[in-house]
Amino acid sequence: MNDTDTSSSTGPATALVLLHGFPLDHRMWDDLTGSLATDLQVLAPDLPGLGGAAVPDGEPSVDRSADEVAALVEAAGHERVVVAGLSMGGYVALALAERHPGLVAGLALVDTKSTADEEAARANRERVADEVESSGSVEAVLGMVASLLSDESVRERPDLPSIVTGWIREQQPSGIAWSQRAMATRSDRSDVLADFDGPLVVVVGEDDTITPLAAAQHMASTAPDAELVTVPGAGHLSALEAPGPVAAALDRLLRRAAEATPQSPETP
Ligand code: MLT
């Protein structure tokens, strides 16, 4: 058990925590938070090395990111939260569910997967990390933008590619390298889903080619209490491309988490 483990907590969730994808930051959630019906506090931190968050010392790992999120949530006074993570944010959310199980009252895994990288993907991450570090530039990851958004989203929101490109250009190369290496070392966490006893929603953009429907189906079929939501016309950044349907899925998850919380006996 580590310092921040709250595995004995059973109370209601008092916040919704949104964990962004790579190589982005909390701004990818801005449109979605405006569509949420919840009156819970929403925390959308920048994950280590990205946005305004410092690049950590020490070995890159999504476990380290999860521990930083847990510390932040607890420092904000929350013992139980519902956690939504998109892609890399999903890897961190799964690490959080494993390392801080009492903190997580419900889980949304959006355009992500529970499995680890294949060897070729790991080698590619290391190559990209080396390249951004040696060049001191984020150029090597700008090519990702085309695969993050669906054709339909770009037709309907022609401004999206330049918005996402602008966000990536503002990241620190050292933070991009740290994140790539952190994702490369993550383990398969499908067993975390199998053991997760809270409500889960798995959300996937219909046209997500990075973590496609099959990865979402695998996660939904692994967990005991899962809803699978496919977002029509959206790609890998479904929460940005189609914030309304993703917010609706999160609202349903928050209701399920509230219903699953044992009520304290009424005082006479
Ligand atoms: C993301 O959107 O966070 C990335 O595609 C995750 C990854 O590189 O595996």
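Source: prediction; values computed, not measured. (Residues numbered from 1 in each chain as written. Predicted model: local features only at pLDDT ≥ 70, side-chain atom pairs only at ≥ 80, totals over all residues. Heavy atoms only, no water.)

Some words on the site of the ligand
The condition is simple: Near residues are defined by distance, with any heavy atom within 4 Å of the molecule or strand qualifying the residue. As used in this structure description, the phrase polar contact means that two N or O atoms lie within 3.5 Å; if the pair is within protein, one of them must be able to donate a hydrogen and the other to accept it, and residues adjacent in sequence are counted only when both atoms belong to side chains. Residue exposure ignores everything except the shown protein chains as possible cover, and the areas themselves are Shrake-Rupley values with a 1.4 Å probe.
Gly21, Phe22, Ser87, Met88, Tyr91, Arg125, Met183, Ile210 and His236 make up every residue found near the ligand. Between the ligand and tyrosine 91, the relevant distance is 2.6 Å, taken from an oxygen atom to a side-chain nitrogen or oxygen of the residue. Histidine 236 is positioned such that a nitrogen or oxygen atom in its side chain is 2.8 Å from an oxygen atom of the ligand. For the ligand, whose free accessible area comes to 270 Å², the fraction covered by protein is 92%.

Some thoughts on empty space enclosed by the protein
The following threshold applies: A pocket here means an open set of points on a 1 Å grid, computed over the protein atoms alone, that has protein on both sides within 12 Å along at least five of seven lines. A cavity is instead a set of points where a 1.4 Å probe fits but cannot get out; residues with an atom within 4 Å of a point line either one. Grid points are joined across faces, edges and corners, and a volume is the space filled by probe spheres set on the points. Put simply, Ala, Val, Leu, Ile, Met, Phe, Trp, Tyr, Cys and Pro go in the nonpolar bin, Asp, Glu, Lys and Arg in the charged bin, and everything else, Gly too, in the polar bin.
The final tally for this structure, using the stated rule, is two cavities of 30 Å³ or more. Considering only enclosed or pocket space, the largest cavity measures out at about 40 Å³ in volume. What lines the largest cavity is simply Tyr91, Leu94, Lys113, Ser114, Thr115, Arg186, Ser187 and Arg189. Each residue belonging to the lining of the largest cavity can be placed in one class, and the counts come to two nonpolar, three polar and three charged. For the second largest cavity, the calculated volume is near 30 Å³.

Re the side chain of aspartate 111
Spelled out, the test is: Each helix is a run of H or I in the DSSP string that is no shorter than four residues. Each strand is a run of E no shorter than two, and both are numbered from the N terminus. A simple rule labels every residue: compare its accessible area, found with a 1.4 Å probe on the protein chains alone, to the largest value its type can have, and call it buried under 20%, exposed over 50%, or partly exposed in between. Charged-residue counts in this description rest on Lys and Arg as positive and Asp and Glu as negative, His and the chain ends being excluded. When a carboxyl oxygen of Asp or Glu is within 4 Å of a side-chain nitrogen of Lys or Arg, the pair counts as a salt bridge. Contacts: residue pairs with any heavy atoms within 4.5 Å of one another.
Looking at the element boundaries, aspartate 111 is found in the loop between strand 4 (104-110) and helix 4 (119-135). The buried charged residue aspartate 111 lacks any salt bridge, with lysine 113 as its nearest oppositely charged partner at 12 Å. With residues up to four places along the chain from it excluded, the contact list for aspartate 111 reads Leu86, Ser87, Val203, Val204, Gly205, Asp208, Thr211, Gly235, His236 and Ser238.

Digging into the nonpolar core
Inclusion rule: In this description, a nonpolar core means a group of buried Ala, Val, Leu, Ile, Met, Phe, Trp, Tyr and Cys residues linked to one another through side-chain atoms lying within 4.5 Å.
One finds Leu32, Val83, Leu107 and Val164 to be the most contacted residues of the largest nonpolar core, which totals 84 residues. Broken down by element, the residue count for this core peaks at eight residues, all from helix 3 (residues 88-99). When near neighbours in sequence (up to four residues on either side) are disregarded, valine 83 contacts Val17, Leu19, Ala93, Leu96, Val104, Gly106, Leu107 and Ala108.

Side note on the environment of aspartate 188
Relative to the helices and strands, aspartate 188 resides in the loop between helix 9 (173-184) and helix 10 (190-195). Leaving out residues up to four positions away in the same chain, aspartate 188 has contacts with Ser114, Thr115 and Ala116. Only 2.7 Å separates the side chain of aspartate 188 from the side chain of serine 190, close enough to count as a polar contact.

Looking at the pairing of strand 4
Short version of the rule: Pairing between strands is defined by DSSP: at least two bridges between them are needed. Here is how to tell: hold the view so the strands point away, follow the path from the first strand over the helix to the second, and if it runs clockwise the crossover is right-handed.
In terms of burial, strand 4 is largely enclosed, as seven of its seven residues are buried. In the sheet, strand 3 (residues 81-86) pairs with strand 4 via six bridges, with the strands oriented parallel. Bridged to valine 83 within strand 4 is leucine 107. Taken together, strand 3, helix 3 and strand 4 form a β-α-β motif whose crossover is right-handed. Bridge count for strand 4 against strand 5 (residues 200-205) is four bridges, and the pairing is parallel.

A few points about the pairing of strand 6 (residues 226-231)
The side chains of a regular strand alternate between both faces of the sheet. Here six bridges tie strand 5 to strand 6, and the two strands are oriented parallel to one another. The residue bridging valine 201 from the neighbouring strand is glutamate 227, located in strand 6. Once the chain exits strand 5 it traverses helix 11 (residues 213-222) before rejoining the sheet at strand 6, and the crossover so formed is right-handed.

Focus on unusual backbone geometry
With an omega of -5°, the peptide bond between phenylalanine 22 and proline 23 qualifies as cis. Tracing the sequence through the fold places proline 23 in the loop between strand 1 (15-19) and helix 1 (30-35). At aspartate 111, a residue that is not glycine, the phi angle is positive and equals roughly 45°.

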